[in-house]
Amino acid sequence: SQQGEEDPQALSIQEGENATMNCSYKTSINNLQWYRQNSGRGLVHLILIRSNEREKHSGRLRVTLDTSKKSSSLLITASRAADTASYFCATEDYDKIIFGKGTRLHILP
Amino acid sequence: GAVVSQHPSWVICKSGTSVKIECRSLDFQATTMFWYRQFPKQSLMLMATSNEGSKATYEQGVEKDKFLINHASLTLSTLTVTSAHPEDSSFYICSASRVGETQYFGPGTRLLVL
C-alpha cells in the first residue's frame, strides 16, 4: 500500500527558480523522509524529519512537516539542471518504508 | 554512510528463464533486507521483507513461488525471478538495515525479459 501522495505529479520550472513539492500521508508517523531518484538510477536519501520537528534545512533543501495536517513539503531553492529527477516522500510502517507516488521535477535551462 | 550493492546492474533474459539478483551490504551486517519493484514512471513498491535465517515475508499480491528470496547471511540476500515473463520487466531495488536503523538502498537492477 502507498502511504504518501505527492503533489504535483510533475513540475517543470526554469533554472534558478524554487521548486516546491508536497506530500500527504494517512497514518501517524515517527518520521518522514525525502528521496531523490535520477532517471533509471537508485535512490538518494535527501533528508529525514522527525515527527517532533517542524522544519529542517540541508543546503538548498528545506523540508517542513505538519503532523496535524499529515503533510510535508520539500522546497528546493535556486534550482539547477542537476536537480532534474523524481522526488519521493516516504514514511515508515513498523520496519517498512512506504513510498509516495513521487513528483517528477524537470528543470528547464 | 553504509553501502549496499546489487549485481547485476542490468540483465536481459529470455522468457521462461530464471534470473538471480544479489543484494549485498558491503560495510555492515544487515539483519533485514527489503526488495522493491519499480515500473517506469511509478513509485517503488515493496515486494518482500527478509530477515537473515528466516523465510521472507511477502506483500499482498506478490507471488512467493515466483519471486524466491534467500537471506542466508547478514550481508547477502538474493532475489530469483523464476520463469520470467515480459511483464516481470522492471527495476528491482533492494535495501538493507540493522535493527532499529534506517534502510540503505542499493543502486537497483534493471531486468528486461524478452
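Preceding this paragraph is the structure being described.
Here is a short report on the structure shown in this document.

Scoring rules and cut-offs
- Residues numbered from 1 in each chain as written.
- Chains lettered and ligands numbered in written order.
- Predicted model: local features only at pLDDT ≥ 70, side-chain atom pairs only at ≥ 80, totals over all residues.
- Heavy atoms only, no water.
- Pairing = 2+ DSSP bridges.
- Helix = DSSP H or I, 4+ residues; strand = E, 2+ residues; numbered from the N terminus.
- Axes fitted to C-alpha atoms, helices over the stretch in contact; angles between N-to-C directions.
- Core = buried A, V, L, I, M, F, W, Y, C linked by side-chain atoms within 4.5 Å.
- Buried < 20%, exposed > 50% of the residue type's maximum accessible area, 1.4 Å probe, protein only.
- Contact = heavy atoms within 4.5 Å.
- Polar contact = N/O pair within 3.5 Å; in protein donor to acceptor, adjacent residues only side chain to side chain.
- Phe/Tyr/Trp six-rings, centres within 6.5 Å; stacked < 30°, edge-to-face > 60°.

Section: the sheet that holds strand β8 (residues 71-76) of chain A
All names here are of chain A. On the basis of which strands lie adjacent, the open sheet formed by 5 strands has the order β1-β3-β8-β7-β6 and antiparallel pairing. Every interior strand has two partners, whereas the edge strands, β1 (5-7) and β6 (55-58), have only one. The mean angle between the axes of side-by-side strands here comes to 15°, regardless of whether they run parallel or antiparallel.

Here we look at the nonpolar core
Counting 24 residues, the largest nonpolar core has W35, F67, L79, Y92 and L111 of chain B as the members making the most contacts within it. Every element with two or more residues in this core is listed here: β2 (10-13), β3 (19-25), β4 (32-38), β5 (44-51), β7 (67-73), β8 (76-81), β9 (90-97) and β11 (109-113) of chain B. Dropping the residues within four chain positions of it, F67 of chain B is found in contact with R37, M47, Y58, V62, L79, T80, V81, D88 and Y92 of chain B. If you look at the next biggest cluster of nonpolar residues, it comprises 22 residues, including I47, I49, I76 and C89 of chain A.

Points about the side chain of T32 of chain B
Residue and element names in this part refer to chain B. Checked against the element boundaries, T32 lands in strand β4. Polar contacts involving the side chain of T32 include one to the side chain of N51, which spans 2.7 Å. Excluding anything up to four places from it in sequence, T32 contacts T49, S50, N51, H71, S95, A96 and S97.

So, the packing of aromatic side chains
Think of a pair of aromatic rings as described by two things: how far the centres are apart, and how the planes are tilted against each other in angle. Scanning all chains against the criterion turns up 8 aromatic pairs over all chains. Both rings, one in F99 of chain A and one in F105 of chain B, keep their centres 5.7 Å apart while their planes meet at 70°; by these two values the pair is edge-to-face. In this pair, F99 of chain A sits in strand β10 (residues 96-99) while F105 of chain B sits in strand β10 (residues 104-105), so the two residues belong to two different chains. With a relative accessible area of 1%, F99 of chain A lands in the buried category.

Some points on unusual backbone geometry
Glycine aside, residues mostly have negative phi, and peptide bonds are mostly found in the trans state. Between H7 of chain B and the following residue, P8 of chain B, the backbone shows a cis peptide bond with an omega angle of 0°. With respect to the element layout, P8 of chain B can be found in the loop between β1 (4-7) and β2. For A78 of chain A, which is not a glycine, the phi torsion comes out positive at approximately 45°. Tracing the backbone through its elements, the reader meets A78 of chain A in the loop between β8 and β9 (85-93). Unlike most non-glycine residues, S83 of chain B shows phi in positive territory, near 45°. Relative to the assigned elements, S83 of chain B resides in the loop between β8 and β9.

Keep in mind these values describe shape, not function.
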